[in-house]
Amino acid sequence: QVQLVESGGGLVQPGGSLRLSCAASGNFFSVNDMRWYRQAPGQLHEEVATISRGGSARYAASFQGRFTISRDNAKNTVYLQIDSLKPEDTATYYCNADIQSEKGAYEYLHWGQGTQVTVSS
């Protein structure tokens, strides 16, 4: 069984920084593209960023500048660094990943349970 577990959220003051983590665990062959999304109260899911297994990152237009996605393939973990946090960054942040259960198998999309980020003074 594959699991994605996010961590690193919390309460932070405006202007602060956070680094979110999302680790994949279980039995699988490969973790390919990994992504971060967020959902603010009353809002739809927003895609934040995607990173390939090779480290190529791309960002949604609204998230360029203060958001940095990275990954450690040895740990099957993706990170999201958020700097200069603003109250409007308050949201639940989710990761997902395309995971192959075995070599040559189809990729399946797996989601984490989310981690809450609250930006408030």
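Before reading further, recall that the structure is shown in the block above.
What you see is a predicted model; the values in this text were computed from it and never measured. (Residues numbered from 1 in each chain as written. Predicted model: local features only at pLDDT ≥ 70, side-chain atom pairs only at ≥ 80, totals over all residues. Heavy atoms only, no water.)

Draft legend 1. Main features of the sheet that holds strand S3 (residues 18–25). Spatially, the four strands line up as an open sheet ordered S1-S3-S8-S7, and their pairing is antiparallel. One side of each edge strand has no neighbouring strand; the edge strands of this open sheet are strand S1 (3–7) and strand S7 (67–72). Here the strands of the sheet are splayed against their neighbours by 15 degrees on average, with no regard to which way each runs. Direction of pairing for S7 relative to strand S8 (residues 77–82): antiparallel, over a ladder of six bridges. For serine 70, the partnering residue across the bridge sits in S8 and is tyrosine 79. (Pairing = 2+ DSSP bridges. Helix = DSSP H or I, 4+ residues; strand = E, 2+ residues; numbered from the N terminus. Axes fitted to C-alpha atoms, helices over the stretch in contact; angles between N-to-C directions.)

Draft legend 2. Here's a closer look at the state of the cysteines. If you walk through the whole model with that rule in mind, you get one disulfide. The residue that forms a disulfide with cysteine 22 is cysteine 95, at a sulfur-sulfur distance of 1.8 Å. Looking down the S-S bond of the cysteine 22 and cysteine 95 bridge, the torsion is 45 degrees, so its handedness is right-handed. Placement of the pair is cysteine 22 in strand S3 and cysteine 95 in strand S9 (residues 91–100), with a sequence separation of 73 residues. Judged by its relative accessible area of 0%, cysteine 22 falls in the buried class. (Disulfide = S-S within 2.5 Å. Buried < 20%, exposed > 50% of the residue type's maximum accessible area, 1.4 Å probe, protein only.)

Draft legend 3. Broad picture of the pattern of salt bridges. Counting across every chain of the model gives five salt bridges. With its nearest N and O atoms 2.8 Å apart, the salt bridge here joins aspartate 89 to arginine 66. Linking aspartate 89 in the loop between S8 and S9 with arginine 66 in the loop between strand S6 (57–59) and S7, this pair joins segments that are 23 residues apart in sequence. Pair check on accessibility: aspartate 89 and arginine 66 agree, each one buried. Look at the salt bridges and you will find they share partners, linking Arg38, Glu46, Arg66 and Asp89 into a network. (Salt bridge = Lys/Arg side-chain N within 4 Å of Asp/Glu carboxyl O.)

Draft legend 4. Here's a closer look at the pairing of strand S4 (residues 30–39). Of all ten residues that make up S4, eight are buried, and the element is covered over most of its length. With eight bridges connecting them, S4 and S9 associate as antiparallel partners. Opposite valine 31, over in S9, you have isoleucine 99 as the bridge partner. Judged from the five bridges that link them, S4 and strand S5 (residues 46–51) form a sheet pairing that is antiparallel. Bridge pairing links arginine 38 to glutamate 46 in S5. Between S4 and S5, which pair antiparallel and follow one another directly, the connecting turn spans six residues, one of which, glycine 42, has a positive phi of 75 degrees.

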